[in-house]
Amino acid sequence: MNCPEAKNKLPDLLQNSLDAAESARLREHLQSCPACWQEWQELHETWSRLGLLPEEQPGPELRRDFYRMLEAERREAAAAGRRPWRERLLAWLPDLRRLQPAMQLAAAVLVVAVGFGAGLFIGRNDRAAAEKIERLSSEVGRLQQQTSLSLLSQPSATARLQGITLAAQNPEPGIELRRKLLMVLDGDPSVNVRLQAVDALYLYAGDPEVRAALSASLARQTAPQVQVALIDLLVAFREKQAASALKKLMADEKILPEVKQRARAGVDLIL
Amino acid sequence: MNIYKKIALVVVFLFLALPALRGEEAAERVAVPFSDPGKAGRLEVSLINGAITVIGYEGKEVIVESKAQAQVVTPAAPEKPSSKYPGMKRLAAAGGGLRVDEAGNVMKITSPPWKGDTSLAIRVPLNTSLELHTVNGGDIRVENVSGEIDASHVNGDIVIARGSGAVAAHTVNGKVVASFSRLDGKKPLSLVTFNGDVDLTLPAAAKANLKMSINNEGEIYSDFELAVQTENVRSVEDERYRHGRYRLNIEKTVVAALNGGGQEITLNTFNGDILLRKAK
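Residues numbered from 1 in each chain as written. Chains lettered and ligands numbered in written order. Predicted model: local features only at pLDDT ≥ 70, side-chain atom pairs only at ≥ 80, totals over all residues. Heavy atoms only, no water.

K.L.:
Explanation requested: the overall build of chain B in the structure shown.
P.N.:
A count of helices and strands for chain B gives 1 helix and 23 strands. Burial statistics for chain B: of 280 residues in total, 48% are counted as buried. Long-range contacts, defined here as pairs at least 24 residues apart, represent 61% of the contacts in chain B between residues at least 6 apart. Summed over its atoms, the accessible surface of chain B is roughly 13700 Å², and 53% of this surface lies on carbon and sulfur atoms. (Helix = DSSP H or I, 4+ residues; strand = E, 2+ residues; numbered from the N terminus. Buried < 20%, exposed > 50% of the residue type's maximum accessible area, 1.4 Å probe, protein only. Contact = heavy atoms within 4.5 Å. Areas by Shrake-Rupley, 256 points an atom, 1.4 Å probe, with all protein chains shown as cover.)

K.L.:
Would you mind showing me how to read the overall build of chain A here?
P.N.:
The helix and strand inventory of chain A stands at 15 helices and 0 strands. In chain A, which comprises 271 residues, the proportion classed as buried is 49%. Sequence separation of 24 or more characterises 66% of the internal contacts of chain A that already satisfy a separation of 6 or more. For chain A, the computed accessible surface area is about 13500 Å², with 54% contributed by carbon and sulfur atoms.

K.L.:
How do you make sense of the interface of chain B and chain A when you look at a structure like this?
P.N.:
Reports often express the size of an interface as the amount of accessible area lost when the parts come together. Residue-level contacts link 42 residues of chain B with 33 residues of chain A. Joining chain B to chain A, the criterion identifies 1 salt bridge. Our count for the contact surface shared by chain B and chain A stands at 10 residue pairs in polar contact (both at pLDDT 80 or more). Breaking the side of chain B that touches chain A down by element, the ones donating at least two residues are β13 (167-173), β15 (189-195), β17 (208-214), β19 (227-230), β20 (233-238), β21 (246-258) and β22 (263-271) of chain B. (Salt bridge = Lys/Arg side-chain N within 4 Å of Asp/Glu carboxyl O. Polar contact = N/O pair within 3.5 Å; in protein donor to acceptor, adjacent residues only side chain to side chain.)

K.L.:
Is there a simple way to explain the pairing of strand β9 (residues 129-133) of chain B in this structure?
P.N.:
Consecutive side chains along a regular strand alternate between the two faces of the sheet. Residue and element names in this part refer to chain B. Extensive coverage of β9 is indicated by the burial of 4 of its 5 residues. Pairing of β9 with strand β11 (residues 149-152) involves 4 bridges; the strand directions are parallel. Bridging from a neighbouring strand, histidine 133 pairs with serine 152 of β11. (Pairing = 2+ DSSP bridges.)

K.L.:
Help me out: how do you make sense of the pattern of salt bridges in this one?
P.N.:
Across all of its chains, the model carries 19 salt bridges over all chains by this definition. Among the salt bridges present, the one from aspartate 207 of chain A reaches arginine 178 of chain A, with a minimum N-O distance of 2.6 Å. Taken together, the residues span a long stretch of sequence, with aspartate 207 of chain A in the loop between α11 (191-201) and α12 (208-218) and arginine 178 of chain A in helix α10 (residues 175-187) at a distance of 29 residues. When sorted by exposure, aspartate 207 of chain A lands in the same class as arginine 178 of chain A, which is buried. Between aspartate 139 of chain B and arginine 141 of chain B there is a salt bridge, and its shortest N-O distance comes to 3.6 Å. Under the relative-accessibility criterion, arginine 141 of chain B is labelled partly exposed at 40%.

K.L.:
Teacher, can you tell me more about the packing of α11 of chain A against helix α13 (residues 224-236) of chain A here?
P.N.:
Axes are the key here: two packed helices are described by the angle between their axes and the distance separating the axes. Residues and elements named next belong to chain A. It is at 9 Å that the axes of α11 and α13 come closest, and there the two elements cross at 5°. With respect to α13, the axis of α11 lies roughly parallel. On the side of α11, the interface is formed by Val191, Arg194, Leu195, Val198 and Leu201, while α13 contributes Gln225, Val226, Ala229, Leu230 and Leu233. Looking at side-chain class alone, the contact of α11 with α13 contains 8 nonpolar, 1 polar and 1 charged residues. (Axes fitted to C-alpha atoms, helices over the stretch in contact; angles between N-to-C directions. Parallel < 35°, antiparallel > 145°, perpendicular 65-115°, else oblique. Nonpolar A, V, L, I, M, F, W, Y, C, P; charged D, E, K, R; others polar.)

K.L.:
When you look at the side chain of threonine 193 of chain B in this model, what are you seeing that I'm missing?
P.N.:
By secondary structure assignment, the location of threonine 193 of chain B is in strand β15. A distance of 3.5 Å separates a polar side-chain atom of threonine 193 of chain B from the backbone oxygen of threonine 171 of chain B. Residue contacts for threonine 193 of chain B: discarding those within four places in its chain leaves Gln225 of chain A together with Thr171, Val172, Gly174, Val176, Val198, Asn268, Thr269 and Phe270 of chain B.

K.L.:
Would you explain the environment of proline 11 of chain A in this entry?
P.N.:
Inspection of the secondary structure puts proline 11 of chain A in helix α1 (residues 3-14). Separated by 29 residues in sequence, proline 11 of chain A and tryptophan 40 of chain A place their C-alpha atoms 9.0 Å apart.

K.L.:
Can you help me understand the pairing of strand β12 (residues 158-163) of chain B in this one?
P.N.:
Summarising the sheet, strand β10 (residues 140-145) of chain B and β12 of chain B pair through 5 bridges and their orientation is parallel. Of the residues in β12 of chain B, the one forming a bridge with isoleucine 140 of chain B is isoleucine 158 of chain B.

Functional significance is not addressed by these values, which are geometric in nature.
Here it is as structure tokens:
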């Protein structure tokens, strides 16, 4: 193993995410290379100190802001059909950082800190450092996405609810997260979790693929609560493609009358 | 993951085909330990017909009691001639009862879609996590269990008392009632119903972020002073110009922080009220 390779793997070693063979090779390299050993020591120390930081809790204003934004987004989606939402989210970014569970935050801070240092050292000019930070900040989003994805795969419904809350706050929700949220909406055994997923999917108003998937998902929903929430979402998006899915719902005898009524009102609003 | 590799398998069959005591309830009782009693176990119960009552107690084993009712086919209660296939007699297959499997600290209790009532009264160690499903035949009740609770019902109430507050509960036709003397604040709490009230009691000092949604005729009542942040999303459907009607939809979603905010709480009903009570 050479030095750059080893340095790349140090964070994995910290998190214990290497397999036994790789871990052994890395340790072997560390024994033989003073430079890498030094870096490992520093990383390890930073990491342990991070563990001593008090756990960050999201403040109430964050949630308030989120729902304000969600509300505004719903209204706008309803009024204009579609509009870019990304800018809003990005403007919101500084607040979001405080939301990570402690370890996630620690990992993110560590990556940023190490990267920042490395950027200054290697780049020795602002531009290179800025690029580095840019890259690392997207890394934060990616880590946050990883956390959401792993929470969403837990057997516990409350953990999955937590995963969705976190997903809804991701500044840069990636493709994987989008796919997972749609999977959750279609197949999660818990109605509570599916309902929460509908809320999170409001943030994808501008994504035609999501809108198409939502229309298709309507026919697969069995819980009336989720049916209603999904109808409201499609209506808020003014998704014209959804009209046929809504009409199908109205013709289905298994569907509750209240839901049919909602679908009927929805068709009128969409078309 | 190691736990799952070391599979300690305990399979217990509870046969409910008891000697015929028509009209009388016969109770079957079985105690099953978790394979690693030192760690918090998980109990999954899936019924079609039957109430589920789970109570936490200071013990290590899961104790299951089931009341078999008259529907069970026994030699003394001869099966009526099959009307589906005239002239033929239906055989009562063995295993009409309950099945309890335990592996890797996860215990599963299932019941085949049997005609009879398979209501269960279960006692579990205090920190057990629960996943409970039923469709008909009574309520789901959970008391004094500090693990996470995931309960889903279709035709019946869900009642949860004393616990950590990490709950996902959902029913279609029924109330969801929950009361907590403390909230651990870590995991979300979500109570959802379609036809029925959502009734939540929290300690006076509970820190929470509330999101409450009602539709149709429902109202929200609260003992707490809430810092309400959004309210009453109105949409107007004015279709009079094309011989339609005029309707004002008021979908009420209230987002509010309780004592500065904390645990995520979602309360949602379509036809019903939301009641937020302060524990006395």
